[in-house]
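Here is how the chains run, residue by residue.
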Amino acid sequence: MSTVLLVEDNALIERLVLRRLCRAGHTVNVARDGLAGVTMARESNPDIVLMDLGLPVIDGLEATRRLKADAATRHIPIIALTAHAMTAHRDEALLAGCDGYQSKPIDFTALREQMDRLLATNQNREITCAS
Ligand code: MN
């Protein structure tokens with residue numbers, strides 16, 4: 001299972017995502033603003049980041065740019081989460097360096113598939129133990 005950093009300022013969405021990810025066996029850390037998200041990603045080196053785009057202090061696009069500009073964090077896959085299912089936001093997110101995109105309300109099946117795909121390609125983070 002993986003360590004997920006959720007950067008989300010909406011308490012309701014936070015609770016919803018937390019419940020789903022914890023049930024799936026992931027460890028989840030939460031940051032409530034973009035700058036805290038950048039700091040926590042540097043400190044905790046999560047396997048993947050779920051990044052809300054509308055965030056206080058610095059927004060999710062700027063937080064993503066900072067993480068992707070830093071050699072210590074640029075390998076961490078980032079999935080953008082946004083309320084606006086608009087092509088412009090999707091393009092903006094990918095341009096900022098996000099590796100994936102999910103619109104709210106979150107389709108957890110789609111999110112999980114995208115997370116699995118990104119976690120599988122991030123092979124220096126995923127260690128499978130033979131049983
Ligand atoms: Mn938000």
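Conventions adopted
Position numbers for residues count from 1 along each chain, tracking the sequence in the order it is written. Owing to the predicted nature of the model, reporting of local features is limited to residues with pLDDT of at least 70; listing and counting of side-chain atom pairs is limited to 80 or more, with chain, interface and lining totals taken over all residues. The basis for the side-chain values is all heavy atoms of the structure; hydrogens and waters are excluded. In this analysis a donor is any N, O or S atom within 2.8 Å of a metal ion (3.2 Å for sodium, potassium and calcium), and since water is not included, sites may seem incomplete. By the criteria applied, helices consist of DSSP H or I runs no shorter than four residues and strands consist of E runs no shorter than two, each listed in order from the N terminus. The rule is simple: take the accessible area with a 1.4 Å probe, protein chains only, and divide by the maximum for that residue type; under 20% is buried, over 50% is exposed, in between is partly exposed. Residue types Ala, Val, Leu, Ile, Met, Phe, Trp, Tyr and Cys, when buried and joined through side-chain atoms within 4.5 Å, form a set referred to as a nonpolar core. We call two residues contacting when some pair of their heavy atoms lies within 4.5 Å. By definition, a salt bridge exists where a carboxyl oxygen of Asp or Glu is found within 4 Å of a side-chain nitrogen of Lys or Arg. Think of each axis as a best-fit line through the C-alpha atoms, taken over the contacting stretch in the case of a helix, with angles from 0 to 180 degrees between the N-to-C directions. An angle counts as roughly parallel when it lies under 35 degrees, as roughly antiparallel when it exceeds 145, as roughly perpendicular when it falls between 65 and 115, and as oblique in every other case. Each residue is assigned to one class: nonpolar for Ala, Val, Leu, Ile, Met, Phe, Trp, Tyr, Cys and Pro, charged for Asp, Glu, Lys and Arg, and polar for all the others, Gly among them.

Turning our attention to the coordination of the manganese ion. Here the manganese ion is held by the protein donor atoms Asp9 (OD), Asp52 (OD) and Gly54 (O), which lie 2.0 to 2.2 Å from it. Here the donor residues of the manganese ion share one chain and are spaced in sequence as D-x42-D-x1-G. Of this pair, Asp9 sits in the loop between strand 1 (3-7) and helix 1 (11-23) while Asp52 sits in strand 3 (residues 48-52), and the two are 43 residues apart along the sequence. Look at Asp9 and you get partly exposed, because its relative accessible area is 35%.

Here we take up the nonpolar core. Val7, Val49, Met51 and Ala93 are the most contacted members of the largest nonpolar core, which totals 20 residues. The set of elements that each furnish at least two residues to this core consists of strand 1, helix 2 (34-44), strand 3, helix 3 (60-69), strand 4 (78-82) and helix 4 (87-96). A per-element tally of this core places helix 3 first, with 3 residues. Contact partners of Val49, with chain neighbours within four places excluded, come to Leu5, Val7, Ile76, Pro77, Ile78 and Ile79. Counting residues in each nonpolar core, the second largest holds 16 residues, with Val17, Ile48, Leu50 and Leu119 among its members.

Turning our attention to the pattern of salt bridges. In this structure the tally under the stated criterion is 7 salt bridges. Across the pair Lys104 and Glu8 runs a salt bridge whose closest N-O atoms are separated by 3.1 Å. With Lys104 in the loop between strand 5 (100-103) and helix 5 (108-121) and Glu8 in the loop between strand 1 and helix 1, this pair connects stretches of sequence that are 96 residues apart. Accessibility assignment for this pair places Lys104 and Glu8 in one class, buried. Where Glu62 meets Arg65, a salt bridge forms, and the shortest distance between an N and an O atom there is 3.0 Å. On the criterion of helical spacing, the pair formed by Glu62 and Arg65 is a turn pair, its members being 3 residues apart in helix 3. Overall, Arg65 belongs to the partly exposed group, its relative accessible area being 41%. Connected via shared salt-bridge partners are Glu8, Asp52 and Lys104.

Contact pair helix 3 / helix 4: the axes reach a minimum separation of 8 Å and the direction vectors enclose 25°. The angle between the axes of helix 3 and helix 4 places the two elements in the roughly parallel class. Along its contact with helix 3, which presents Leu61, Thr64, Arg65 and Lys68, the element helix 4 presents Glu92, Ala93 and Ala96. Split by residue class, the contact of helix 3 with helix 4 holds 3 nonpolar, 1 polar and 3 charged.

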